[in-house]
Protein chains: 2
Amino acid sequence: MSINWSERIAQRAREMSSSAIRDLLKLTVQPEMISFGGGLPAPELFPSEEIGAACEQAIVEAPGSALQYGPTEGHAPLREMIAGWMHDLGMRVSPAQTLITSGSQQALDMLGKLLIDPGAPIAVESPTYLGALQAWQPYRPELVPLPMDDQGLQVEALAEVLARGVRPRFLYIVSSFQNPTGVTLAPERRQALVELAGRYDLPIIEDDPYGELYYEGTRATPLAALDCQLYGELRHVIYLSTFSKLLTPGLRVGWMIAPTGLIDKLVQVKQGLDLHTGSLAQVAAYLTCRDGLLTRHVPVLREVYGQRRDVMLAALHATMPAGVRWTHPAGGMFLWVTLPDGWDSAELLGRAISHQVAFVPGRTFYPAGDVINTMRLNFSFSPPELIKTGISRLAEVVRSYAPSGQLPL
Amino acid sequence: MSINWSERIAQRAREMSSSAIRDLLKLTVQPEMISFGGGLPAPELFPSEEIGAACEQAIVEAPGSALQYGPTEGHAPLREMIAGWMHDLGMRVSPAQTLITSGSQQALDMLGKLLIDPGAPIAVESPTYLGALQAWQPYRPELVPLPMDDQGLQVEALAEVLARGVRPRFLYIVSSFQNPTGVTLAPERRQALVELAGRYDLPIIEDDPYGELYYEGTRATPLAALDCQLYGELRHVIYLSTFSKLLTPGLRVGWMIAPTGLIDKLVQVKQGLDLHTGSLAQVAAYLTCRDGLLTRHVPVLREVYGQRRDVMLAALHATMPAGVRWTHPAGGMFLWVTLPDGWDSAELLGRAISHQVAFVPGRTFYPAGDVINTMRLNFSFSPPELIKTGISRLAEVVRSYAPSGQLPL
């Protein structure tokens with residue numbers, strides 16, 4: 001008789017379930033499909049040659065660092081370089097406060113393991129990054145969803161929650177060009193949020209993978225920088241970013257900047273997870289950036305992705321029926337479409353796939369799973385012509401769809 | 001006022017503490033130090049050129065796979081290749097049962113998260129791999145330590161525990177050339193263990209990073225293979241291995257073979273941890289092995305490490321006073337020294353470091369932390385001349401040491 005594994009699963013893992021959406025999206029690898037579903041950078045822009053050369057160079061220059069076991073904290077020269085960048089962004093932090101993680105996803109898991117007790121409240125944007133919800137579900141927090149608008153998180157709503165006496169272990173926020181909505185937290189709200197953190201000793205996890213990918217205006221000031229300015233040191237904010245959107249995701253190299261008092265515990269947590277992040281990937285990321293690759297490459301990303309965003313916005317404007325709204329992101333990789341009330345975007349996805357276009361239904365991004373009429377569209381992956389064709393297909397599906405009891409738009 | 005982070009730490013993370021041993025071992029990077037402390041492969045044997053070439057080739061041949069986000073399960077051709085190796089070892093398993101992990105350390109964390117409820121018993125060898133204890137501590141199991149001898153785990157002791165009605169969530173065992181002792185589970189005990197697993201529906205986590213590194217005799221048959229033979233399919237055993245000891249640790253690529261009923265949950269767990277293991281590292285590992293690197297390289301490791309083991313055994317025999325005993329591993333990277341009763345190897349380490357030789361005191365490998373007179377010596381890292389010098393220094397320290405109230409040996 002076989003072991004009945006479903007009886008052997010720990011309580012924390014029981015609520016995990018295979019996502020129906022994920023299964024649907026597996027269909028989107030068909031060749032004729034135009035998918036706005038994945039959160040993927042454009043592969044044709046990958047600096048492949050530079051990374052290949054950096055791997056070679058890493059093995060020649062530093063075989064001891066690139067191929068052997070390494071420190072849990074990360075490759076020291078890479079940590080120093082990143083701490084320098086953070087300094088340029090206004091953070092008063094040292095390399096000792098800079099940890100290399102296996103992508104930002106690992107940082108989320110580390111922080112969940114370190115800071116969430118079962119049943120403890122954590123405050124999140126609604127909607128928020130799905131991967132954070134997945135990372136933290138096993139730690140069984142009580143989610144406190146906070147509303148957003150086109151200026152980002154409604155900080156007043158957080159203030160009310162805190163005033164009521166709720167004490168979240170932390171607030172999680174994607175501060176710029178949020179995944180999934182594309183919305184950015186406005187400057188005055190950033191200031192208010194950091195003041196609020198000080199008033200209530202509230203830790204903030206600031207996830208900022210897209211901050212450098214702005215297509216208008218200037219780089220937003222991270223909450224971590226404002227925290228340093230207001231309090232003289234990094235006090236409340238744990239800042240996450242990654243090479244995944246700036247170089248390539250396949251390296252799985254991200255970083256976390258944390259207040260001094262958290263570093264030792266974070267290192268202990270990471271040691272249990274994977275000992276350290278891939279050495280070769282770290283040294284290669286270091287060498288390409290030391291040689292100035294980001295300075296050359298990020299402007300290219302801004303130009304190409306900015307153009308794709310414009311193409312998608314224009315195509316939506318040209319083809320979508322009245323009653324459908326969408327965000328106008330100033331950067332990043334995503335925009336967010338809101339269908340009329342009562343429409344179910346998951347149902348729409350089934351039809352869209354048969355018309356060879358795909359997106360991610362918004363429901364799973366809501367901590368309470370209570371909003372069904374939104375969808376996330378990625379604009380960084382597909383070239384302009386495919387964006388036009390795909391949005392046209394999607395508009396056709398939207399026009400022909402109506403929930404039961406309603407007329408089509 | 002700063003946040004008092006120690007008050008914000010989740011219960012599961014509170015018992016983690018910085019290891020005094022780890023701090024001591026940081027001293028061992030001094031240039032004149034001979035360290036038998038790290039569990040490191042010999043860097044001068046790393047197939048650096050082949051790995052560098054494979055990275056280049058990966059980026060040319062498969063940039064979409066090597067640099068982009070990839071499937072959580074791992075790079076499909078790599079999974080197929082590994083499933084083929086496992087088949088050659090006697091396991092009847094498919095690529096679908098083969099998951100790529102970020103080193104075996106991540107597999108340990110995944111299994112802890114999936115299978116350990118707080119307070120649930122898990123059975124481990126005593127002593128056992130320290131990294132497993134660290135990975136599982138946050139999940140707060142009740143450890144059930146099982147005695148070992150020079151034939152490996154005393155399976156009879158496990159049988160008694162099971163007969164008493166204790167139902168461990170799993171048994172964890174390093175079946176060949178165990179870390180830390182170097183001891184290998186004897187064939188008849190392997191058979192008995194797999195029969196016991198069937199009788200009690202006991203899951204077994206078989207950690208086998210060293211199995212291919214045998215210096216006498218033949219490759220031991222994994223418990224996973226015996227499980228398949230006895231029950232017609234992989235039923236009780238979750239098998240872990242890694243490229244860390246066969247190619248290089250810096251890639252952070254390992255694998256896990258699991259019964260079919262566990263795969264979906266394991267994939268969900270891993271998705272929350274890091275989305276997937278580094279793509280470039282996976283493709284590079286695949287390409288080097290497809291081109292036959294392991295077939296050429298592993299015999300070199302066996303020859304060099306086997307010689308180093310012999311040199312260390314001879315040096316111990318030549319220099320250590322009577323009353324000190326050690327294991328005679330048939331493979332792997334470690335041997336295990338037992339000092340007279342009452343001797344404290346942690347105290348000895350302080351003196352050893354001042355004599356420029358280092359090792360890991362055995363106490364931390366014991367689940368109950370109740371044995372203080374052992375030490376782990378690594379023989380794979382240091383060249384023969386350094387092994388001789390280091391053991392001679394260590395013997396001198398041992399000869400001059402005596403715990404309070406005892407005469408030196």
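Read on for an overview of the structure. (Residues numbered from 1 in each chain as written. Chains lettered and ligands numbered in written order. Predicted model: local features only at pLDDT ≥ 70, side-chain atom pairs only at ≥ 80, totals over all residues. Heavy atoms only, no water.)

## Quick look at the environment of lysine 270 of chain A
All names here are of chain A.
Alright, step 1. Within the secondary structure, lysine 270 sits in helix α11 (residues 260-274).
Alright, step 2. A sequence separation of 82 residues divides lysine 270 from glutamate 188, and the C-alpha atoms of the two residues are 35 Å apart.
Alright, step 3. Once residues lying within four places of it in the same chain are set aside, the contact partners of lysine 270 are Thr72, Ile100, Thr101, Ser102, Gln106, Met110, Leu275, His276 and Thr277.
Alright, step 4. Engagement of the side chain of lysine 270 in a polar contact is seen with the side chain of aspartate 274, the distance being 2.9 Å. (Helix = DSSP H or I, 4+ residues; strand = E, 2+ residues; numbered from the N terminus. Contact = heavy atoms within 4.5 Å. Polar contact = N/O pair within 3.5 Å; in protein donor to acceptor, adjacent residues only side chain to side chain.)

## Comments concerning the sheet that holds strand β14 (residues 374-378) of chain A
Residue and element names in this part refer to chain A.
Alright, step 1. Across the sheet, which stays open at both edges, the four strands sit in the order β10-β11-β14-β13 with antiparallel pairing between neighbours. Lying at the two open borders of the sheet, with one neighbouring strand each, are β10 (325-326) and β13 (360-361).
Alright, step 2. Here two bridges tie β13 to β14, and the two strands are oriented antiparallel to one another. By the bridge assignment, proline 361 is partnered in β14 with methionine 375. (Pairing = 2+ DSSP bridges.)

## Describing the relation of the copies chain A and chain B
Alright, step 1. Taken as rigid bodies, chain A and chain B are interconverted by a rotation of 180 degrees and an axial shift of 0.0 Å, the fit giving an RMSD of 0.0 Å. Read as a symmetry element, the transformation amounts to a two-fold axis. Closest approach to the rotation axis within chain A is made by the C-alpha atom of cysteine 55 of chain A, at a distance of 3.3 Å.
Alright, step 2. When the interface residues of chain A are mapped onto chain B, 100% of them are again interface residues, pointing to one common binding face. (Least-squares fit on C-alpha atoms with pLDDT ≥ 70 in both.)

## So, the sheet that holds strand β11 (residues 334-338) of chain B
Residue and element names in this part refer to chain B.
Alright, step 1. Spatial ordering of the open sheet is given by β10-β11-β14-β13, a layout of four strands whose pairing is antiparallel. The sheet is open, and its two borders are formed by β10 (325-326) and β13 (360-361), each paired with just one other strand.
Alright, step 2. Taken together, the five bridges between β11 and strand β14 (residues 374-378) define a ladder with antiparallel strand orientation. Among the inter-strand pairings, threonine 338 is bridged to a residue of β14, identified as threonine 374.

## What to know about the interface of chain A and chain B
Alright, step 1. At the interface, 82 residues of chain A touch 82 residues of chain B.
Alright, step 2. For the chain A and chain B pair, buried surface summed over both sides reaches about 6,700 Å², with 56% attributable to carbon and sulfur atoms.
Alright, step 3. It is Trp5, Leu67 and Tyr69 of chain A in chain A that bury the most area against chain B; as a group they hold 11% of the surface buried on that side.
Alright, step 4. Counting across the interface, chain A meets chain B through 39 residue pairs in polar contact (both at pLDDT 80 or more).
Alright, step 5. Looking at the side of chain A that touches chain B, the elements with two or more residues in it are α1 (11-14), α3 (48-61), α4 (63-67), α6 (103-115), α7 (130-136), α11 and α12 (279-290) of chain A.
Alright, step 6. Take the side of chain A that touches chain B: its biggest share by element is 10 residues, from α11 of chain A. (Buried area = accessible area lost by both parts, 1.4 Å probe.)

## A word on the pairing of strand β6 (residues 171-174) of chain A
Residue and element names in this part refer to chain A.
Alright, step 1. Residue alternation in β6 divides its side chains into two sets, Leu171 and Ile173 and Tyr172 and Val174, and both sets are buried.
Alright, step 2. Summarising the sheet, β6 and strand β7 (residues 204-207) pair through four bridges and their orientation is parallel. Counterpart to isoleucine 173 in the pairing with β7 is glutamate 206.
Alright, step 3. The handedness of the β6 to β7 crossover, carried by helix α9 (residues 187-200), is right-handed. (Buried < 20%, exposed > 50% of the residue type's maximum accessible area, 1.4 Å probe, protein only. Right-handed = clockwise from strand over helix to strand, strands pointing away.)

## Thoughts on the side chain of arginine 252 of chain B
Alright, step 1. Take arginine 252 of chain B: it is sitting in the loop between β8 (237-242) and β9 (254-257).
Alright, step 2. Buried within the structure, arginine 252 of chain B lacks any salt-bridge partner; aspartate 274 of chain A is the closest side chain of opposite charge, at an N-O distance of 5.9 Å.
Alright, step 3. Beyond its immediate chain neighbours, meaning those up to four positions away, arginine 252 of chain B contacts Tyr69, Asp274, Leu275, His276, Thr277 and Gly278 of chain A together with Thr101, Ser102, Gly103, Gln105, Ser244 and Thr277 of chain B. (Lys, Arg positive; Asp, Glu negative; His and termini not counted. Salt bridge = Lys/Arg side-chain N within 4 Å of Asp/Glu carboxyl O.)

## Considering unusual backbone geometry
Alright, step 1. In the segment running from asparagine 179 of chain A into proline 180 of chain A, the intervening peptide bond is cis, with an omega of 25 degrees.
Alright, step 2. Structurally, proline 180 of chain A can be placed in the loop between β6 and α9.
Alright, step 3. A cis amide bond links serine 126 of chain B to the next residue, proline 127 of chain B, at an omega of 5 degrees.
Alright, step 4. Note that proline 127 of chain B resides in the loop between β3 (121-126) and α7 (130-136).
Alright, step 5. Its identity is not glycine, yet arginine 140 of chain B carries a phi of approximately 55 degrees, on the positive side.
Alright, step 6. As for its placement among the helices and strands, arginine 140 of chain B is situated in the loop between α7 and β4 (142-149).
Alright, step 7. Despite not being glycine, aspartate 201 of chain B shows a phi value in the positive range, around 50 degrees.

## Description of helix α5 (residues 76-88) of chain B
All names here are of chain B.
Alright, step 1. End to end, α5 covers 19 Å across 13 residues, agreeing with the expected 18 Å (1.5 Å per residue, within 8%).
Alright, step 2. Within the sequence span of α5, burial applies to Leu78, Arg79, Met81, Ile82, Ala83 and Met86.
Alright, step 3. For α5, the elements touching its buried residues are β2 (98-101), β8, β9 and α12 (279-290).
Alright, step 4. Positive backbone phi, at 105 degrees, marks glycine 90, one or two positions downstream of α5. (Expected span 1.5 Å × (residues − 1).)

## Here's the deal with the pattern of salt bridges
Pairs can form between side chains of opposite charge whenever their charged atoms are close.
Residues and elements named next belong to chain A.
Alright, step 1. Applying the stated criterion to the full structure yields 28 salt bridges over all chains.
Alright, step 2. Residue arginine 309 pairs with aspartate 310 through a salt bridge whose shortest N-O separation is 3.0 Å.
Alright, step 3. For arginine 309, a relative accessible area of 6% puts it in the buried group.
Alright, step 4. By relative accessible area, aspartate 310 is classed as partly exposed at 40%.

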